Amino acid sequence: MSHAGCRSSGVLTASAVVSAERCKLVSVHMGCTISHADNLCVVQIYDSGTATTTNKTELARFSLANGDRAANDSYVFEADMHGVIASEGLYLVITGTSPGGNTDPTVYSSVEFA
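Small disclaimer: the values here were computed from a predicted structure and weren't measured. Numbering of residues starts from 1 in each chain and follows the order in which that chain's sequence is written. Two thresholds apply to this predicted model, a pLDDT of at least 70 for residue-level local features and 80 or more for giving and counting side-chain atom pairs, whereas whole-chain, interface and lining totals are computed over all residues. Derived side-chain values reflect all non-hydrogen atoms in the structure, with water molecules and hydrogen atoms excluded from consideration.

Peer 1: Kindly report on the side chain of Ser98, identifying the contributing residues and their values.
Peer 2: Of note, Ser98 is situated in the loop between strand S7 (90-97) and strand S8 (106-113). Judged by relative accessible area, which is 10%, Ser98 ranks as buried. Residues contacting Ser98, with those up to four places away along its chain left out, are Asp38, Asn39, Thr103 and Asp104. The helix count covers DSSP runs of H or I at least four residues long, the strand count covers runs of E at least two residues long, and both are numbered beginning at the N terminus. Three labels apply to residues, based on accessible area from a 1.4 Å probe with only protein chains included: buried if under 20% of the type maximum, exposed if over 50%, partly exposed otherwise in between. Two residues form a contact once any of their heavy atoms are found within 4.5 Å.

Peer 1: Tell me about the sheet that holds strand S6 (residues 74-86), and please be specific about residues and values.
Peer 2: Only strands joined by at least two bridges in the DSSP assignment are considered to pair. If you trace the 4 strands from one edge of the open sheet to the other, you get S1-S8-S3-S6, paired in antiparallel fashion. Both edges of this open sheet fall to strand S1 (7-8) and S6, since each of them pairs with a single strand only. Of the strand pairs in this sheet, strand S3 (residues 23-33) and S6 are connected by 10 bridges, and their pairing is antiparallel. Its bridge partner being in S6, Val28 is matched across the sheet by Ala79.

Peer 1: Can you lay out the pairing of S3 for me, pointing to particular residues and giving the numbers?
Peer 2: Pairing geometry for S3 and S8, over 8 bridges, is antiparallel. Bridge pairing in S8 links Ser27 to Glu112.

Peer 1: A description of the sheet that holds strand S5 (residues 57-64) should follow, citing residues and the corresponding values.
Peer 2: What the 4 strands build is an open sheet, ordered S2-S7-S4-S5; its pairing is antiparallel. Across the chains shown, the open sheet's two edge strands, defined by having one partner strand only, are strand S2 (16-19) and S5. With direction set aside, neighbouring strand axes in the sheet form an average angle of 20 degrees. Note that S2 and S7 share 3 bridges and pair antiparallel. Within the sheet, the bridge partner assigned to Val17 lies in S7 and is Tyr91. Between N-to-C directions, angles span 0 to 180 degrees; the directions come from axes that are lines fitted to C-alpha atoms, helices contributing only their stretch in contact.

As structure tokens, this is what we get:
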């Protein structure tokens, strides 16, 4: 008996090429821990088999902008991508900034694909 399944990037804390070949995007998870109310956390997934976003299709984006948040608050997001085809591969871009010059947030993500 066979079982459907998928591969995982594992938890990543920096931008990375997740797959350098055609694949199906199954799901994306993003988490972040806020260090200051002005923190900005962004995770983007591109149809790209290399570490480039130029002229590439953005398949998904999570964004948590600054606001009324307390230090050390944690947030987790998940999107079921229903097997979206990535023709070239998957490139994950992770950004965590503090526009006000405060401590940057901790941003992490995992990508499940087949």
